[in-house]
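Structural characterization, general
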Amino acid sequence: MKAIEITKGVYWVGAIDWNIRDYHGYTLPGTTYNAYLVVGDKIALIDSAYPGFDNQILERIRSVVDPKKIDYLIANHVEKDHSGTLPALTKLLPGAPVYCTANARQGFSKHYDTTDWNFRIVKSGDTLSLGRDRTLTFLEAPLLHWPDSMFTYLVEEKILFPNDAFGQHIASSQRFDDQLGKEETLRHAQKFFANLIIPLAPRVLKKLEEAGRLGIDIKMIAPSHGVIWRSYAADIVNAYVNWCKGVSKDKVTIVYDSMHGSTDAMAKAFAEGIMDEGVEVKVYVLKDGKAEGTHRSNIVPDILDSRAVLIGSPTLQNQMYPTVADFLSYLKGLEPGKLAQKKIGFAFGSHGGKGGAIKLVAADMRAAGIDVINEGFEVYYRPDEKELQRCAEMGRELARRVKSL
Ligand code: FEO
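Residues numbered from 1 in each chain as written. Predicted model: local features only at pLDDT ≥ 70, side-chain atom pairs only at ≥ 80, totals over all residues. Heavy atoms only, no water.

A word on the overall build of the protein. For the protein, the count of helices and strands is 13 helices and 24 strands. Over its C-alpha atoms the protein spans a radius of gyration of 24 Å, differing by no more than 12% from the 22 Å that the globule rule assigns to 405 residues. Dimensions along the principal axes, computed over C-alpha positions, put the protein at roughly 75 × 40 × 35 Å. Out of the 405 residues in the protein, the part that is buried amounts to 58%. (Helix = DSSP H or I, 4+ residues; strand = E, 2+ residues; numbered from the N terminus. Rg over C-alpha atoms; globule rule 2.2 N^0.38 Å. Buried < 20%, exposed > 50% of the residue type's maximum accessible area, 1.4 Å probe, protein only.)

Look at helix H11 (residues 322-334) against helix H12 (residues 357-367): their axes get within 8 Å of each other, and the N-to-C directions meet at 20°. Classified by the angle between their axes, H11 and H12 sit roughly parallel to one another. Note that H11 runs across H12; the crossing there is left-handed. In this structure, H11 uses Val324, Leu328 and Lys332 to contact H12, whose residues at the interface are Val361, Asp364, Met365 and Ala367. Residues belonging to the contact of H11 with H12 are distributed by class as follows: 5 nonpolar, no polar and 2 charged. (Axes fitted to C-alpha atoms, helices over the stretch in contact; angles between N-to-C directions. Parallel < 35°, antiparallel > 145°, perpendicular 65-115°, else oblique. Left-handed = near helix turned anticlockwise from the far one by under 90°. Contact = heavy atoms within 4.5 Å. Nonpolar A, V, L, I, M, F, W, Y, C, P; charged D, E, K, R; others polar.)

Here we have 7 strands laid out as an open sheet, ordered S1-S2-S7-S8-S9-S10-S11, and mixed in their pairing. This sheet does not close on itself; its edge strands, each paired only once, are strand S1 (4-7) and strand S11 (118-121). Taken over all neighbouring pairs, the strand axes of this sheet differ in orientation by 25° on average, direction set aside. (Pairing = 2+ DSSP bridges.)

Of the two faces of strand S10 (residues 97-100), the one carrying Pro97 and Tyr99 and the one carrying Val98 and Cys100 are both buried. Of the pairings in the sheet, the one linking strand S9 (residues 72-74) to S10 comprises 2 bridges and is parallel in character. If you follow isoleucine 74 over to S10, its bridge partner there is tyrosine 99. Inspection of the sheet shows S10 paired to S11 by 4 bridges, in the parallel sense.

On to the sheet that holds strand S15 (residues 159-161). The mixed open sheet is built from 5 strands, whose spatial order is S12-S13-S14-S15-S16. Of all strands in the sheet, those with a lone pairing partner are strand S12 (127-129) and strand S16 (220-221), marking the two edges. Bridge count between S12 and strand S13 (residues 135-140): 3 bridges; the pairing is antiparallel. Among the inter-strand pairings, serine 129 is bridged to a residue of S13, identified as threonine 135.

Okay, unusual backbone geometry next. For aspartate 47, which is not glycine, the phi dihedral falls at a positive 65°. In this structure, aspartate 47 sits in the loop between strand S8 (43-46) and helix H1 (54-62). With relative accessibility at 6%, the residue aspartate 47 sits in the buried group. For arginine 132, which is not glycine, the phi dihedral falls at a positive 50°. Residue arginine 132 is classed as exposed on the basis of its relative accessible area of 56%.

Here helix H7 (residues 201-213) is 13 residues long and its end C-alpha atoms lie 19 Å apart, about the 18 Å a rise of 1.5 Å per residue gives. For H7, the set of buried residues is Ala201, Val204, Lys207, Glu210 and Ala211. Where H7 is buried, its residues contact S13, strand S14 (150-154), helix H6 (182-197) and helix H8 (233-245). (Expected span 1.5 Å × (residues − 1).)

Counting across every chain of the model gives 24 salt bridges. When the shortest N-O distance is used, the salt bridge between arginine 134 and glutamate 157 registers 3.3 Å. One end of the pair, arginine 134, is in the loop between S12 and S13; the other, glutamate 157, is in the loop between S14 and S15, with 23 residues separating them in the sequence. In this structure, arginine 134 and glutamate 157 share a single accessibility class: buried. Three or more residues joined by partner-sharing salt bridges are found here, namely Lys249, Lys251, Glu280, Lys282, Asp302 and Asp305. (Salt bridge = Lys/Arg side-chain N within 4 Å of Asp/Glu carboxyl O.)

What follows is about the side chain of serine 297. Here serine 297 lies in helix H10 (residues 296-304). A distance of 3.0 Å separates the side chain of serine 297 from the backbone nitrogen of threonine 27, its partner in a polar contact. Separated by 2.8 Å, the side chains of serine 297 and histidine 295 make a polar contact. Not counting chain neighbours up to four residues away, the residues in contact with serine 297 comprise Gly25, Tyr26, Thr27, Lys191, Asn195 and Tyr330. (Polar contact = N/O pair within 3.5 Å; in protein donor to acceptor, adjacent residues only side chain to side chain.)

Here's what the structure looks like:
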């Protein structure tokens, strides 16, 4: 196992997790836990990896230098996917300073036995010189992703190590954006943003402004997951600004589940009406996320850049369908409708008894920040031809409204 030199004296020494498919409710095609070795007169290691990946990290370091020669440990984030190797490293390097925020110190002490850790607490603007034109500047980034998070910046090389921010969950033999490809890298970054960063969008925008004020000029972004932005750093920063603002396009995403095919028929009639007006539509049937591509985490990227969202559910025991409840619970946490550019939508579904699921769906859509523009459409048992025509017409009306926003 080898390190990859990303610029002179700076090495990727991370771990590739080829097998992971679920990470706190997010389905992913593997990932990487990136760690970076910065070599000056002194040597610093930035971040580590998930527990169990110690050997990958240590072997890659060993391909550059004896791990015992590391002088400083930089811990940008407490979450275990970036700190799981720290217990082994602090044992290997007794007394080595661990640079982190005050919140991180508290967080580490709840995760590990830190009795022997030599913490050095940093604040925004603090620096650490490694000699030989190597200066690290720290920037506190609370809640990006946890209260403890911080960014580290290598001043002379203009490399930002922002931990989770700008990351992508992908396991790949490529280490750089131009190797994986711009579109592919942005696609994975958008999924990461949609599933993890949406609720943090205002903080991201503020942090980018603060970085600008501090004169942090970014040439390369080396996140803690996925590939390194060396050719498209400006593109991912621009994309983040747009995603943070909720910039969307003439597009509708329809998400639903169906018990006996009635809500399914309605969803497809809405889609036909939307297409009649030349507006892009994406349609997802939930089915417990077991069908390829229908997992909740694969749907929210489409919601992120949609101007409208329709959510359909049959009524079951006077409630919405369980799969729809699962999806809406996730969506309420992310609150994509609360981004600066608003989203509109409504609920739909069928019922065989008292009905009422669509009122519950609409309430949850509002809780996710979506502007619910009407009472929705609920049909008794199966939609007849006239009702399907009404669905198509509501689709056309929605599409016209989407184009006017
Ligand atoms: Fe990749 Fe918040 O951990």
